[in-house]
Amino acid sequence: MNIRKETIIGILMIAAAAALGIAGFLLLPATLTVQVNLSGEATNTMPKALGLLIPFAISAVFSVLYMKGGKETRMRNLVVAIVGLAVMVVTFIFNL
């Protein structure tokens, strides 16, 4: 059985997004700060479920597109999936 590297990378991306989402549900407050101004004050907040679901969905959808897509769109899909993970990490930084 020969598994393509794109499949392995896509599954790892989805697993990382799921792990961050579960950790976020356990560790983060009920209302998440999603934007801050230059002085460090919260300027935009969001309920925890929505604040974690959006970046998870971005990572998961574009990871699947990365695994299934053609060569011409593969790199773009991987970059967008990584951006979804980065948004989750930034959400942790703002809220812990």
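Residues numbered from 1 in each chain as written. Predicted model: local features only at pLDDT ≥ 70, side-chain atom pairs only at ≥ 80, totals over all residues. Heavy atoms only, no water.

## Quick word on the pairing of strand β2 (residues 42-47)
So, step 1. Pairing between strand β1 (residues 31-36) and β2: 5 bridges, direction antiparallel. Bridging from a neighbouring strand, Thr 33 pairs with Thr 45 of β2.
So, step 2. Counted along the chain from β1 to the antiparallel partner β2, the turn is 5 residues long, and its residue Gly 40 has a positive phi close to 90°. (Pairing = 2+ DSSP bridges. Helix = DSSP H or I, 4+ residues; strand = E, 2+ residues; numbered from the N terminus.)

## A short note on a nonpolar patch on the surface
So, step 1. Together, Val 36, Val 89, Val 90, Ile 93 and Phe 94 give the surface a local cluster of nonpolar side chains, amounting to about 390 Å² of exposed area.
So, step 2. If you tally residues by element for the nonpolar patch, the top one is helix α3 (residues 71-95), at 4 residues.
So, step 3. Counting through the fold element by element, Val 36 comes out in strand β1.
So, step 4. The class for Val 36 is partly exposed, based on a relative accessible area of 34%. (Patch = residues over 30% accessible without salt bridge, like charges linked within 9 Å, V, L, I, M, F, W, Y side chains within 5 Å. Areas by Shrake-Rupley, 256 points an atom, 1.4 Å probe, with all protein chains shown as cover. Salt bridge = Lys/Arg side-chain N within 4 Å of Asp/Glu carboxyl O. Buried < 20%, exposed > 50% of the residue type's maximum accessible area, 1.4 Å probe, protein only.)

## What to know about the nonpolar core
So, step 1. Residues Met 13, Ala 17, Tyr 66, Met 67, Leu 78, Ala 81, Leu 85 and Met 88 constitute the largest nonpolar core, which totals 8 residues.
So, step 2. Among the elements of the structure, α1 (5-27), α2 (48-68) and α3 are those that each provide at least two residues to this core.
So, step 3. Ranked by residue count, the leading element in this core is α3, at 4 residues.
So, step 4. Excluding anything up to four places from it in sequence, Leu 85 contacts Met 13, Ala 16, Ala 17, Leu 20 and Ser 59. (Core = buried A, V, L, I, M, F, W, Y, C linked by side-chain atoms within 4.5 Å. Contact = heavy atoms within 4.5 Å.)

## Quick word on the side chain of Glu 6
So, step 1. With respect to the helices and strands, Glu 6 occurs in helix α1.
So, step 2. Among the residues examined, Glu 6 registers a relative accessible area of 10% and is labelled buried.
So, step 3. Polar contacts involving the side chain of Glu 6 include one to the side chain of Arg 74, which spans 3.3 Å.
So, step 4. In this structure, Glu 6 is in contact with Tyr 66, Met 67 and Arg 74, ignoring residues within four places of it in sequence. (Polar contact = N/O pair within 3.5 Å; in protein donor to acceptor, adjacent residues only side chain to side chain.)

## Focus: the packing of α1 against α3
So, step 1. Between α1 and α3, the least distance of the axes is 10 Å, while the angle of their chain directions is 20°. If you check the angle between α1 and α3, you find them roughly parallel. The two elements α1 and α3 meet at a crossing, and its hand is left-handed. For the pair formed by α1 and α3, the contact residues are Glu 6, Ile 9, Met 13, Ala 16, Ala 17, Leu 20, Gly 21, Ala 23, Gly 24 and Leu 27 on the first element and Arg 74, Leu 78, Ala 81, Ile 82, Leu 85, Met 88, Val 89 and Phe 92 on the second.
So, step 2. Residue composition of the contact of α1 with α3, grouped by class: 14 nonpolar, 2 polar and 2 charged. (Axes fitted to C-alpha atoms, helices over the stretch in contact; angles between N-to-C directions. Parallel < 35°, antiparallel > 145°, perpendicular 65-115°, else oblique. Left-handed = near helix turned anticlockwise from the far one by under 90°. Nonpolar A, V, L, I, M, F, W, Y, C, P; charged D, E, K, R; others polar.)

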